[in-house]
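# Summary of the model geometry
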Amino acid sequence: MLFGVNKKLIAGYIAIAIFMTGDGFELTFLSRFMVGQGFSAVQASMMPTIYGLVGAFAAWASGVVSELCGTKRVMIFGGVSWVALQVILLGVAIPSGSYPFILTVYAIRGIGYPLLMYSFLVMITEVTDKRHLASAVGLFWAAFEIGIGVLGTYVPSAVIRAFGEYTTLWVAVPFAVVGTLVVVLFLKPTSDAKGKGMTGKEVGRELARGVTVIFQDRQVFLAVCARAICNFSLYGLPVIMPLYLASHTNGGGAWFEVTDWMVIWGTMNVITVFTNVMWGRIGDKHGWIRQMRWFGAGLCALGTLWFYYVPQFFGKSWPLMIVGAVILAFGFTAFVPMAAIFPALIPDHPGAAVSANNLASGLSTFGGPLIATLLIPVVGFGGVCWAYAIFYIIGSLLTWFIHPKQPGFDLNGRKLPEEQRRKELELEAAAFTAAQPA
């Protein structure tokens, strides 16, 4: 085991990194590309907004659907659907120049990556000891960031310079294909599909549990809200910053080139590869909730405002923008334990727990761009950044009312006395070992 991670999962981590490279190609320049095609800034920001809405639905469904149909099968379906719809988007929709057609195809493509990515998160929770769950999730997000954040930023920034933005979108396809093939060829199923022999009514009840559990437990509801908030800037800043930093649209200053912005954002994502692992281990050892409350929410609010105000006061300052990237990297990844908190709150229904977490994560991809879409025309880029910061403060306050049972800690997130802690961890380890198949 590496950091408590089961060896069966290694191929899945590799698949996530490769596939999300392709999915992340467009993240830092799509809004700019669409404006260049003659569409408005609001139309450009609407695309990731609707994409995130569809992705939120697919993310919610992935947890329970994975339990019913088998995680590997759902991952493969997600990868294949993404590739097929990307080809239609680039080969037919964008050349047509029809915004409704482009928006429809792009939105439907949003079902692909959550099914592949979040189904693997179900697999992680199935085979990982709770004592090491935040560490395993940290590696999951590290693989995600290697793909969508590092390779998905630096590779297209180089390709754009040589071949332009449209061709760069095509280069994303082989990455998604290879990532899907890794799942097909090398990832072994970890559990049988539970949906075999179930009636349609029983399947519907299981699917509904992924939503109903949110409203049946106040702590789960608050955790969903906090989880949705924690990535608003992660998905919102790539929408507004290419326009704010690299154009004069809606009051932008054009201090940087769009490729400069991609390098800054890529630097942030490089750092998160390491801080995801770091915060996962810190959370397992020192408590999940408190690190999210102080470091996650606080640093995300600070980093978001930093990105807006540094160009206003210092112009094109590379060192200061990199400092902002570092702040955001530490802030985003301090929320790593979120995926461990939901199974701790809903221990009897792991699929529903992961679905609730995934729904909240999907709402981030929807909510971040939506806030930008609604507020840019009203309050400009500065108002959008302040809105994100205020949400992070609200998210920090919510954590005071969330009390998961983390092994070795009390319900307030404080370490148990050493002897009691040792006994509880030993019991947890024994229970995990007994639950594993022979």
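Cut-offs applied
- Residues numbered from 1 in each chain as written.
- Predicted model: local features only at pLDDT ≥ 70, side-chain atom pairs only at ≥ 80, totals over all residues.
- Heavy atoms only, no water.
- UniProt positions renumbered as here; feature names shortened; annotations may be inferred.
- Helix = DSSP H or I, 4+ residues; strand = E, 2+ residues; numbered from the N terminus.
- Rg over C-alpha atoms; globule rule 2.2 N^0.38 Å.
- Buried < 20%, exposed > 50% of the residue type's maximum accessible area, 1.4 Å probe, protein only.
- Contact = heavy atoms within 4.5 Å.
- Areas by Shrake-Rupley, 256 points an atom, 1.4 Å probe, with all protein chains shown as cover.
- Lys, Arg positive; Asp, Glu negative; His and termini not counted.
- Charge placed at Lys NZ, Arg CZ, Asp CG, Glu CD.
- Axes fitted to C-alpha atoms, helices over the stretch in contact; angles between N-to-C directions.
- Parallel < 35°, antiparallel > 145°, perpendicular 65-115°, else oblique.
- Left-handed = near helix turned anticlockwise from the far one by under 90°.
- Phe/Tyr/Trp six-rings, centres within 6.5 Å; stacked < 30°, edge-to-face > 60°.
- Lys NZ or Arg CZ within 6 Å of the ring centre and 35° of its normal.
- Expected span 1.5 Å × (residues − 1).
- Polar contact = N/O pair within 3.5 Å; in protein donor to acceptor, adjacent residues only side chain to side chain.
- Core = buried A, V, L, I, M, F, W, Y, C linked by side-chain atoms within 4.5 Å.

Looking at an unreviewed UniProt entry, one finds the chain named MFS transporter and attributed to Bifidobacterium saimiriisciurei. The annotation that UniProt attaches to the chain under Subcellular location (unreviewed entry) is "Cell membrane".

Across its full length, the chain holds 17 helices and zero strands. A globule of 438 residues ought to have a C-alpha radius of gyration of about 22 Å, and the chain, at 21 Å, matches this closely. Projected onto its principal axes, the C-alpha positions of the chain cover 60 × 45 × 35 Å. Classification of the 438 residues of the chain by burial places 60% in the buried group. Considering only contacts in the chain between residues 6 or more positions apart, those separated by 24 or more positions represent 82%. Roughly 16,700 Å² of accessible area belongs to the chain as shown, and the carbon and sulfur atoms make up 70% of that amount. Counting 28 positive and 21 negative side-chain charges, the chain places the averaged centre of each group 2 Å from the other.

Here the focus is the environment of glycine 110. As for its placement among the helices and strands, glycine 110 is situated in the loop between helix H5 (99–109) and helix H6 (112–127). Once you skip the residues sitting within four places of it in the chain, glycine 110 turns out to touch Tyr51, Val54, Gly55 and Ala58.

For the pair H6 and helix H7 (residues 133–163), the least separation of the axes is 10 Å and the interaxial angle reads 155 degrees. With respect to their mutual orientation, H6 and H7 come out roughly antiparallel. Crossing geometry of H6 relative to H7 is assigned as right-handed. For the pair H6 and H7, contact is made by Met117, Tyr118, Phe120, Leu121, Ile124 and Thr125 and by Leu133, Ala136, Val137, Phe140, Trp141 and Phe144, respectively.

This part is about the packing of aromatic side chains. Two descriptors summarise a pair of aromatic rings, namely the distance from one centre to the other and the angle between the planes of the rings. Under the counting rule described, the total for this entry stands at 24 aromatic pairs. Ring geometry for phenylalanine 25 against phenylalanine 175: centres 5.5 Å apart, planes inclined by 45 degrees, an arrangement best described as tilted. Note that phenylalanine 25 is positioned in the loop between helix H1 (10–24) and helix H2 (30–36) and phenylalanine 175 in helix H8 (residues 165–186), a separation of 150 residues in sequence. Here phenylalanine 25 falls in the buried class, since its relative accessible area comes to 1%. Relative accessible area serves as the criterion here: at 25%, phenylalanine 175 is assigned to the partly exposed category. Judged by centre distance (5.1 Å) and plane angle (20 degrees), the ring pair of tyrosine 244 and tyrosine 308 falls under stacked. Of this pair, tyrosine 244 sits in helix H11 (residues 232–246) while tyrosine 308 sits in helix H13 (residues 288–314), and the two are 64 residues apart along the sequence. Among the residues examined, tyrosine 308 registers a relative accessible area of 16% and is labelled buried. A cation over a ring is seen here: arginine 293 above tryptophan 400, with NZ or CZ 3.7 Å from the ring centre.

Residues that lie three or four places apart on an α-helix share one face, since the helix turns once every 3.6 residues. If you check helix H10 (residues 218–230), its first and last C-alpha atoms are 19 Å apart, about what 13 residues at 1.5 Å a residue would give, namely 18 Å. Within H10, burial applies to Val220, Leu222, Ala223, Val224, Ala226, Arg227, Ala228, Ile229 and Cys230. Looking at where H10 begins, the residue whose side-chain oxygen comes 2.8 Å from the main-chain nitrogen of glutamine 219 is aspartate 217.

Ranked by size, the top nonpolar core spans 136 residues in total, and within it Phe120, Ile240 and Phe307 carry the most contacts. The biggest single contributor to this core is helix H16 (residues 350–398), with 16 residues. Contact partners of phenylalanine 120, with chain neighbours within four places excluded, come to Leu9, Gly12, Tyr13, Ile16, Met75, Phe140 and Leu187.

The next thing to look at is unusual backbone geometry. It is generally the case that most residues other than glycine have a negative phi and that most peptide bonds are trans. Residue alanine 254 is not a glycine yet carries a positive backbone phi of 50 degrees. Note that alanine 254 resides in the loop between H11 and helix H12 (258–286). Residue class for alanine 254 comes out partly exposed when judged on its relative accessible area of 32%.

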